[in-house]
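Residues per chain, in single letters:
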Amino acid sequence: MPAKSKAQQKAAGAALAAKRGETKVSDLQGPAHDMYESMDEDQLEDFASTDRKNKPEHNSKS
């Protein structure tokens, strides 16, 4: 499932880096920390690798 916004894609990238041990888990905040705990590495990679072209900065909550 691809990311629906640039913010979601960035959060997934941060969580993926922590999952791989490239950054500290304690550095994660908000959605990135939630994604780290609830998703596996393959799911995070899918979100993080989403093409950012034509994506809104934030997903509208309609």
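Just so it is clear, the structure is predicted and the values come from calculations on it, not from any experiment.

What counts, and where the lines are drawn
Residues numbered from 1 in each chain as written. Predicted model: local features only at pLDDT ≥ 70, side-chain atom pairs only at ≥ 80, totals over all residues. Heavy atoms only, no water. Helix = DSSP H or I, 4+ residues; strand = E, 2+ residues; numbered from the N terminus. Rg over C-alpha atoms; globule rule 2.2 N^0.38 Å. Contact = heavy atoms within 4.5 Å. Areas by Shrake-Rupley, 256 points an atom, 1.4 Å probe, with all protein chains shown as cover. Phe/Tyr/Trp six-rings, centres within 6.5 Å; stacked < 30°, edge-to-face > 60°. Lys NZ or Arg CZ within 6 Å of the ring centre and 35° of its normal. pLDDT = per-residue confidence, 0-100. Core = buried A, V, L, I, M, F, W, Y, C linked by side-chain atoms within 4.5 Å. Buried < 20%, exposed > 50% of the residue type's maximum accessible area, 1.4 Å probe, protein only. Axes fitted to C-alpha atoms, helices over the stretch in contact; angles between N-to-C directions. Parallel < 35°, antiparallel > 145°, perpendicular 65-115°, else oblique. Left-handed = near helix turned anticlockwise from the far one by under 90°. Nonpolar A, V, L, I, M, F, W, Y, C, P; charged D, E, K, R; others polar.

Comments concerning the overall build of the chain
Alright, step 1. If you tally the helices and strands in the chain, you get 3 helices and 0 strands.
Alright, step 2. Sequence-ordered secondary structure for the chain, helices as α and strands as β, is α-α-α.
Alright, step 3. The C-alpha radius of gyration computed for the chain amounts to 11 Å, which stays within 12% of the reference 11 Å derived for 62 residues, consistent with globular compactness.
Alright, step 4. Over its C-alpha atoms, taken along the principal directions, the chain stretches across nearly 30 × 20 × 15 Å.
Alright, step 5. Residue pairs in contact within the chain that sit at least 24 positions apart in sequence constitute 62% of those at least 6 positions apart.
Alright, step 6. Entry remark: accessible area of the chain is about 4300 Å², with carbon and sulfur atoms responsible for 46%.

Describing the packing of aromatic side chains
Alright, step 1. A full pass over the atoms with the stated rule returns 0 aromatic pairs.
Alright, step 2. If you follow Lys-19 out to its NZ or CZ, it ends over the ring of Tyr-36, 4.7 Å from the centre.

Some remarks on the confidence of the model for the chain
Alright, step 1. Scored by pLDDT, the chain has a mean of 88; 94% of the residues are at 70 or more.
Alright, step 2. Across the chain, helix α2 (residues 30-38) holds the top mean pLDDT of 95, while helix α3 (residues 41-48) sits lowest at 92.

Notes on the nonpolar core
Alright, step 1. Counting residues in hydrophobic clusters, the biggest one holds 13 residues, and the most contacted among them are Ala-12, Met-35, Met-39, Leu-44 and Phe-47.
Alright, step 2. Taken together, the elements giving at least two residues each to this core come down to α1 (6-19), α2 and α3.
Alright, step 3. In terms of residue count, the dominant contributor to this core is α1 (5 residues).

Examining the environment of Arg-52
Alright, step 1. Tracing the backbone through its elements, the reader meets Arg-52 in the segment after α3.
Alright, step 2. C-alpha of Arg-52 to C-alpha of Lys-4: the two residues are 48 residues apart in sequence and 9.1 Å apart in space.

Some thoughts on the packing of α1 against α2
Alright, step 1. Between α1 and α2, whose axes approach to 8 Å, the crossing angle comes to 50°. It follows from the interaxial angle that α1 and α2 lie oblique. In the crossing of α1 with α2, the sense of the turn from one axis to the other is right-handed. Touching Gln-8, Ala-11, Ala-12, Ala-14, Ala-15, Ala-18 and Lys-19 of α1 are Pro-31, Ala-32, Met-35 and Tyr-36, all from α2.
Alright, step 2. Looking at side-chain class alone, the contact of α1 with α2 contains 9 nonpolar, 1 polar and 1 charged residues.

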